[in-house]
Amino acid sequence: MIPNDKFFFMFLLTPLISPFTSKGISIRKNTLISIALFVLSMLAATGSTYFFVNLQKDDAAVINLAGRQRMLTMLIKNDALEMDFAHDLNMNMKDVSDKLTDHVELFDLNLKTIRNGGIAKMPDGRQVMIGNPSVSVIPYLERLEMKWAGLKRHLDVLLEPGVAADSEPFLKAIEAITIESQDVLAISDEITSFFQHDSEKKITIIKYVQIVSLLLTCLLGLLVYMYVRTGIIQPVSEMYQVVKSIGDNDLTARTRFISDSEIGDLGRGINDMADRLADDRRDMDIKNKRLVEMSRLKSEFTANVSHELNTPLSVIIGFSEIILQEIGDRLTDDQKTYLAGIMEGGHALTERIRDLLNFSELEAGLVKINIGSVLANGVVDEVIAFEKNLAGGKDIRFINEIDKDLVIYVDEGKFRHILLNLINNSVKFTESGEIKVSARIEAGGEAIISISDTGIGIPAEAHELIFEPFRQIDGSHTRNYGGTGLGLAIAQRYVQLHGGRVWVESEQGNGTAVFFTIPQHSHG
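What you are looking at is a predicted structure, and each value in this text was computed from that prediction instead of being measured. (Residues numbered from 1 in each chain as written. Predicted model: local features only at pLDDT ≥ 70, side-chain atom pairs only at ≥ 80, totals over all residues. Heavy atoms only, no water.)

1. Brief notes about the confidence of the model for the chain
At step 1: Averaged over all residues, the pLDDT of the chain is 77; the fraction at 70 or higher stands at 79%.
At step 2: Here residues 1-25 is modelled with pLDDT under 50, and outside its nearest four sequence neighbours on either side it reaches 38 contacts, counting other chains as well.
At step 3: Per-residue pLDDT stays below 50 along residues 475-479; that stretch engages in two contacts with residues further than four places along the chain or on separate chains. (pLDDT = per-residue confidence, 0-100. Contact = heavy atoms within 4.5 Å.)

2. Regarding the side chain of histidine 103
At step 1: When you line up the elements, histidine 103 lands in helix α3 (residues 93-116).
At step 2: Leaving out residues up to four positions away in the same chain, histidine 103 has contacts with Leu72, Leu75, Ile76 and Asp79. (Helix = DSSP H or I, 4+ residues; strand = E, 2+ residues; numbered from the N terminus.)

3. Side note on the pattern of salt bridges
Between side chains of opposite charge, a pair can form as their charged atoms come close.
At step 1: Summed over the entire model, instances satisfying the criterion amount to 15 salt bridges.
At step 2: The shortest N-O distance in the salt bridge between aspartate 108 and lysine 152 comes to 2.8 Å. In this pair, aspartate 108 sits in helix α3 while lysine 152 sits in helix α4 (residues 138-159), placing the two residues 44 residues apart along the sequence.
At step 3: Exposure remark for lysine 152: the relative accessible area of 27% places this residue in the partly exposed category.
At step 4: A salt bridge links lysine 244 to aspartate 248, with the nearest nitrogen and oxygen atoms 3.8 Å apart.
At step 5: The exposure class assigned to aspartate 248 is exposed, which follows from its relative accessible area of 55%.
At step 6: Residues participating in the shared-partner salt-bridge network are Glu382, Glu412 and Arg416. (Salt bridge = Lys/Arg side-chain N within 4 Å of Asp/Glu carboxyl O. Buried < 20%, exposed > 50% of the residue type's maximum accessible area, 1.4 Å probe, protein only.)

4. Considerations on helix α9 (residues 412-428)
At step 1: The end-to-end C-alpha separation of α9 is 24 Å, in line with the 24 Å expected for 17 residues at 1.5 Å each.
At step 2: Of all 17 residues making up α9, twelve are buried, and the element is well covered by its neighbours.
At step 3: Along α9, the residues classified as buried are Lys414, Phe415, His417, Ile418, Leu419, Leu420, Asn421, Leu422, Ile423, Asn425, Ser426 and Val427.
At step 4: Where α9 starts, the residue carrying a side-chain oxygen 3.1 Å from the main-chain nitrogen of glycine 413 turns out to be aspartate 411. (Expected span 1.5 Å × (residues − 1). Polar contact = N/O pair within 3.5 Å; in protein donor to acceptor, adjacent residues only side chain to side chain.)

5. Description of the side chain of threonine 512
At step 1: For threonine 512, the location among the structural elements is in strand β9 (residues 512-519).
At step 2: In this structure the side chain of threonine 512 is engaged in a polar contact, spanning 3.0 Å, whose partner is the side chain of serine 506.
At step 3: In contact with threonine 512, not counting residues within four places along its chain, are Ile451, Ser452, Asp453, Gly457, Ile458, Val504, Glu505 and Ser506.

6. Side note on the environment of aspartate 102
At step 1: Its place among the elements puts aspartate 102 in helix α3.
At step 2: Along the chain, aspartate 102 and isoleucine 76 lie 26 residues apart, while their C-alpha atoms are 9.4 Å from each other.

7. Overview of helix α5 (residues 168-247)
At step 1: Relative to the 118 Å expected for 80 residues at 1.5 Å per residue, α5 spans 113 Å between its end C-alpha atoms, a close match to the ideal helical length.
At step 2: Phi for asparagine 249, located one or two positions after α5, is positive at around 75°.

8. Looking at the packing of aromatic side chains
At step 1: Applying the stated criterion across every chain yields a total of three aromatic pairs.
At step 2: Residues phenylalanine 107 and tryptophan 148 carry aromatic rings whose centres are separated by 3.9 Å and whose planes lie at 20° to one another, so their mutual orientation is stacked. Of this pair, phenylalanine 107 sits in helix α3 while tryptophan 148 sits in helix α4, and the two are 41 residues apart along the sequence.
At step 3: Aromatic side chains tryptophan 503 and phenylalanine 515 sit 5.3 Å apart centroid to centroid with 10° between the ring planes, which places their arrangement in the stacked category. Taken as a pair, tryptophan 503 in strand β8 (residues 502-506) and phenylalanine 515 in strand β9 lie far apart in primary sequence, twelve residues in all.
At step 4: Under the relative-accessibility criterion, tryptophan 503 is labelled partly exposed at 23%.
At step 5: Classification of phenylalanine 515 by relative accessible area gives buried; the value is 15%.
At step 6: Over the ring of tyrosine 494 we find lysine 414, and its NZ or CZ is 5.8 Å from the ring centre. (Phe/Tyr/Trp six-rings, centres within 6.5 Å; stacked < 30°, edge-to-face > 60°. Lys NZ or Arg CZ within 6 Å of the ring centre and 35° of its normal.)

9. Regarding the environment of glycine 455
At step 1: With respect to the helices, strands and loops of the structure, glycine 455 is situated in the loop between β7 (446-453) and α10 (487-497).
At step 2: Counting along the chain gives 29 residues from glycine 455 to serine 426, while the straight-line C-alpha distance between them is 7.0 Å.

Structure representation (structure tokens):
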């Protein structure tokens, strides 16, 4: 009834070797195999326990039946003695005979059940289901059946119709029943003892199976953990660190896990990616160096060209002014107009050259700032007075809303240049209306200056683009507004040198407001 020990324990051990026999299989298949074998092991352990528990249940039923057989034997013996004394005790012989017949039939039924399995009926009416008993108990059953057959022959004498209670056959049968019933009781006790011992062995086996199953499960869990840790967790953790290092610009990081599994493929992919990024970085560094050198050469070229252009322009403007002053009364009106045009164009070109020079200095990092206390209102008045002359015949009203006593800490020259560029930009795109300048000091120690106008406005998609160098909203060759596109870029760079920021609020057709900040906290 006990399965082959070697086969059983080899079946339980199979999951333990799966991680070491499936190295060429993919992680998914390897994991599924481990899980399947683990489940099969648990089912085997559970099935074995269930099998032995059922055997123990059958043993308990046989022990119960053997005990019932013992009780039936004693009842049959008592029934026989009652028949012997029925006349003396004024008992109804038929009732005693019927009772003895019932007990004999129960004994036969239960004896067959012990041998063949099935449903046994107890004297109290209960029914018990048992399976086939152990082969080892057959000799006991054969002896019991032989003794029962002898005992039953004597019982048949008692149950024979018309037999007299004081006849010699009746009395000999009573005597034989008394003796042979003791033999039946002894064999029943042997069967009970045998099955109790067998049941105890099965209980011990069940305990061992449960202990071994628990140990194997723990060992399997440890091996699976080690497999998952070394085969999945550690590689993935290392790859995460490698990817994180690459994200932090460490392009020398590489993973060691490049096996033939999916994890290995992932590791190779990460290393290949890092190699390509390193190559791209080297190429980019070379190109950046070239771009820096080209930018430097461009700045030098711009500065040189601007200087070379500025000198003859100054001469042209100077001689034009001298001519107007010295012989202006001898010139015709047309000649005066021509000279005025030359001077106006010269001044405009000088402004463009100045922007190019300033931007080149900013690009080269040559611009420094000198912070000092400045009365903002006075600087704004100077800039407004200058811009009024440039506004020509435009119907623009200039408004200075800054408090006359407001002091801000800023580089005065750069501050004036910022205002010139921003207000000039408002004049350029405003045909009529007003241009307003205001300022305030925030509680956090930051000066916020704004220049607002009622001009044509700026589309939302162009709010960030207007601060890019050489960028203009209307970039076509037929544009209506002049300029190099450097004014706002220079203003932004000067603000950033102070640690501030610039932004614009505008809707196309509804005017524009440009804001910039100058930090004040470092000055008290």
